[in-house]
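As a plain string of letters, each chain reads:
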Amino acid sequence: SICPSCVYINSKNETEYHAPNSTWTDGSCKLLKCELTVNPCYPQNTSTQITTDHIICDECLPGFQRPPATDKECCPPCEPKPDYSIASEGATCKVATTKWDKIRTSDNCTSNKTYQHTQCMGYCDSISRATYGDVGYVSTCTCCQPYLTQVENVFLQCPSGESRSTKFAIIKTCRCRQFKCVSEPDKSGMKEVDAQGKVFESNPNNIEKRSL
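This write-up is about the structure you can find in this document. All values derive from a computational prediction rather than experimental measurement.

Moving on to the layout of surface pockets. Approximately 300 Å³ is the volume found for the second largest pocket. Lining of the second largest pocket is provided by 17 residues; of these, Leu31, Asn108, Thr110, Ser111 and Gln157 occupy positions nearest its centre. At the level of secondary structure, the elements contributing two or more residues to the lining of the second largest pocket comprise strand 8 (94-104), strand 9 (110-121) and strand 11 (137-157). Among the residues forming the lining of the second largest pocket, the class breakdown is 6 nonpolar, 7 polar and 4 charged.

Evaluated as defined, the whole model comprises 3 salt bridges. The closest approach of N and O atoms between Arg104 and Asp101, which form a salt bridge, is 3.3 Å. Measuring nitrogen to oxygen at the nearest pair gives 3.0 Å for the salt bridge that ties Arg164 to Asp107. Of the two residues, Arg164 sits in strand 12 (residues 163-178) while Asp107 sits in the loop between strand 8 and strand 9, which places them 57 residues apart along the sequence. Taking relative accessible area as the criterion, Asp107 reaches 34% and is therefore assigned partly exposed. A network of salt bridges, in which partner residues are shared, links Asp107, Glu162 and Arg164.

Thresholds applied
Residues numbered from 1 in each chain as written. Predicted model: local features only at pLDDT ≥ 70, side-chain atom pairs only at ≥ 80, totals over all residues. Heavy atoms only, no water. 1 Å grid on protein atoms, 1.4 Å probe; cavity = no way out; pocket = protein on both sides within 12 Å on 5 of 7 lines; lining within 4 Å. Points joined across faces, edges and corners; volume = space filled by probe spheres on them. Helix = DSSP H or I, 4+ residues; strand = E, 2+ residues; numbered from the N terminus. Nonpolar A, V, L, I, M, F, W, Y, C, P; charged D, E, K, R; others polar. Salt bridge = Lys/Arg side-chain N within 4 Å of Asp/Glu carboxyl O. Buried < 20%, exposed > 50% of the residue type's maximum accessible area, 1.4 Å probe, protein only.

Listed below in structure tokens is the structure:
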């Protein structure tokens, strides 16, 4: 056993024991820490207490809703409501911004700064043109995608104590672009710049791990 230690009953009604200054999660939306504190009844001794940090997700844009949290992801991406149609709003392709917030990965690593969260949203044209032969028609579909993004270097702190670095894109402008069915995001024709406006090439999915 660990003495002193934090005794915690998790959401599955299981008893856990955690050493002082250790952190752990209970589900994907709750981060807990075991801290040492002075016992006023016994000033010469120390006791432990558990502090809890609840992750609060951003509000979804009008017409969108967030799926329930999973064991691995507290804030799944917002999805259109079943009865919502972007076309019916008569919108054009543009940047939609939400409040500034920290970046949280699926395994609860959190950035040490807040960033502007953005997305492209709006209506783009699609055309199906009748043609000859067995095919019958030819379709051209466009969708609202980023055109200019500013890429920030982000440092993350994980519940395990591990420190990571990654990149985070802030969308500056959007435009309607032809949709391509590919396994990776299609960045052809898209510009990426750093905080000073310098154009560069990067892989925003790359996450580097650093030892403390």
